[in-house]
Amino acid sequence: MRTVNLLCLPNAGASAMMYLGWRARLPHWIKLVPVELPGRGRRIGEPCAEEFDALVAQLCREHAGAMREPYALFGHSMGALLAYGVARRQLLAGAPLPLMLFASGTAGPSRRDAERFARTDDASLIATMRRHGGTPQEVFDSPELMAMTLDILRADYKLCQSFTYRAGTPLPMPLEVLVGRQDDLGGERVVAWQREAGGAFALHWFPGGHFYLRERRDAVLQTLVRGLRQRLAAGGVATRLRPPTELGGLRCANPPYVV
């Protein structure tokens, strides 16, 4: 089986550490590449990014080497939006495209709710953290950890607010969406991801809320492995396309599907 780089982007307020436990549970042919964003983890000394397009461009530069080899993108919540931004930037630049895009725990780009990120005072952010779950109790118990987390989360909310949806050529790689059934996203807003898919599309529901992927880690990894294995078996390779302006609006012939 050919090696695939799996670039994983974190949700708002989180670091690449959220994916480290995946490495030992993935098959040898999938190389985990946890994407660390500025302002957290090993990049704690850098300012957090607050402008979506600028961060996407930076990530494409920083991970150009990994994306010259066969690769796939996975992102959860804000990370899914960033993964989508990376895939679209690669398409527009005629750069190597991912074999697959996995988007987890967020509404389709065309159905983003900007008001969701408008309230960034401490009380509102803490209430959101408690409602979504996933934040260790020691963060709430430590004023220092809480202050650091709130600063990162506040910057990430500004980043999400800076996103502007631009309709364009659908992404030609398979797109699979993973969501917790008890998340408060709304089914129609999740299904809106389908409009970004020019080829195969799949929607996977899991028991749980916004951070379902922690409780259902093995099921999530099985979904990713199965999708990548099928893609490689079908002869999937990293592709490079001309910018859409030169494609004459051509779409992939494969009809979308939902499972």
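Rules behind the numbers
- Residues numbered from 1 in each chain as written.
- Predicted model: local features only at pLDDT ≥ 70, side-chain atom pairs only at ≥ 80, totals over all residues.
- Heavy atoms only, no water.
- Helix = DSSP H or I, 4+ residues; strand = E, 2+ residues; numbered from the N terminus.
- Buried < 20%, exposed > 50% of the residue type's maximum accessible area, 1.4 Å probe, protein only.
- Contact = heavy atoms within 4.5 Å.
- Areas by Shrake-Rupley, 256 points an atom, 1.4 Å probe, with all protein chains shown as cover.
- 1 Å grid on protein atoms, 1.4 Å probe; cavity = no way out; pocket = protein on both sides within 12 Å on 5 of 7 lines; lining within 4 Å.
- Points joined across faces, edges and corners; volume = space filled by probe spheres on them.
- Nonpolar A, V, L, I, M, F, W, Y, C, P; charged D, E, K, R; others polar.
- Salt bridge = Lys/Arg side-chain N within 4 Å of Asp/Glu carboxyl O.
- Axes fitted to C-alpha atoms, helices over the stretch in contact; angles between N-to-C directions.
- Parallel < 35°, antiparallel > 145°, perpendicular 65-115°, else oblique.
- Left-handed = near helix turned anticlockwise from the far one by under 90°.
- Phe/Tyr/Trp six-rings, centres within 6.5 Å; stacked < 30°, edge-to-face > 60°.

Student: Tell me about the overall build of the protein, and please be specific about residues and values.
Tutor: On a plain count of helices and strands, the protein comes out with eight helices and eight strands. For the protein, the residues scored as buried account for 53% of the 259 residues in total. In the protein, the proportion of contacts linking residues at least 24 apart, taken out of those at least 6 apart, comes to 80%. Of the roughly 11900 Å² of accessible surface on the protein, a fraction of 52% belongs to carbon and sulfur atoms.

Student: Requested: an account of the layout of surface pockets, with residues and values cited.
Tutor: Quantified by volume, the largest pocket comes out at close to 990 Å³. Forming the boundary of the largest pocket are 45 residues, of which N11, A12, G13, A14 and L153 lie nearest the centre. Broken down by element, the lining of the largest pocket gets its largest block of residues, seven residues, from helix α5 (residues 143-161). Here the residues of the lining of the largest pocket sort into 20 nonpolar, 15 polar and ten charged. Estimated volume of the second largest pocket: approximately 290 Å³. Along the wall of the second largest pocket there are 15 residues; nearest its centre are D53, R88, R89, L92 and R166.

Student: Give a description of the pattern of salt bridges that names residues and reports values.
Tutor: In the structure shown here, the tally under the stated rule is six salt bridges. One salt bridge connects R43 with E46, and the closest N-O pair in it is separated by 2.9 Å. Take E46: its relative accessible area is 34%, and that puts it in the partly exposed class. The salt bridge partner of R166 is D53, with a shortest N-O separation of 3.1 Å.

Student: Describe empty space enclosed by the protein, and please don't skip the residues or the numbers.
Tutor: Picture a little ball the size of a water molecule; that probe, rolled over the atoms, points out where space is still empty. Per the stated rule, a full pass over the model turns up one cavity of 30 Å³ or more. Residue lining of the largest cavity: L7, L9, V35, L59, H63, M67, L73 and V86, and that is the complete set. Taken together, the residues that form the lining of the largest cavity break down as seven nonpolar, one polar and no charged.

Student: Any details on the packing of helix α1 (residues 52-62) against helix α2 (residues 78-93)? Residues and values, ideally.
Tutor: At a minimum axis distance of 9 Å, the contact between α1 and α2 shows a crossing angle of 70°. With respect to their mutual orientation, α1 and α2 come out roughly perpendicular. Judged by the twist between their axes, the crossing of α1 over α2 is right-handed. The residues of α2 that touch α1, namely those facing F52, L55, V56, A57, L59 and C60, are L81, L82, G85, V86, R89 and Q90.

Student: An account of the packing of aromatic side chains is requested, with residue identities and associated values reported.
Tutor: Inspection of every chain in the model, using the stated rule, returns six aromatic pairs. Between F52 and F163, the aromatic rings sit 5.0 Å apart at their centres with planes inclined by 80°, giving edge-to-face as the arrangement. You can see F52 sitting in helix α1 and its partner F163 sitting in the loop between α5 and β6 (175-180), a full 111 residues away along the chain. Residues F52 and F163 agree in their burial class; the two are buried.

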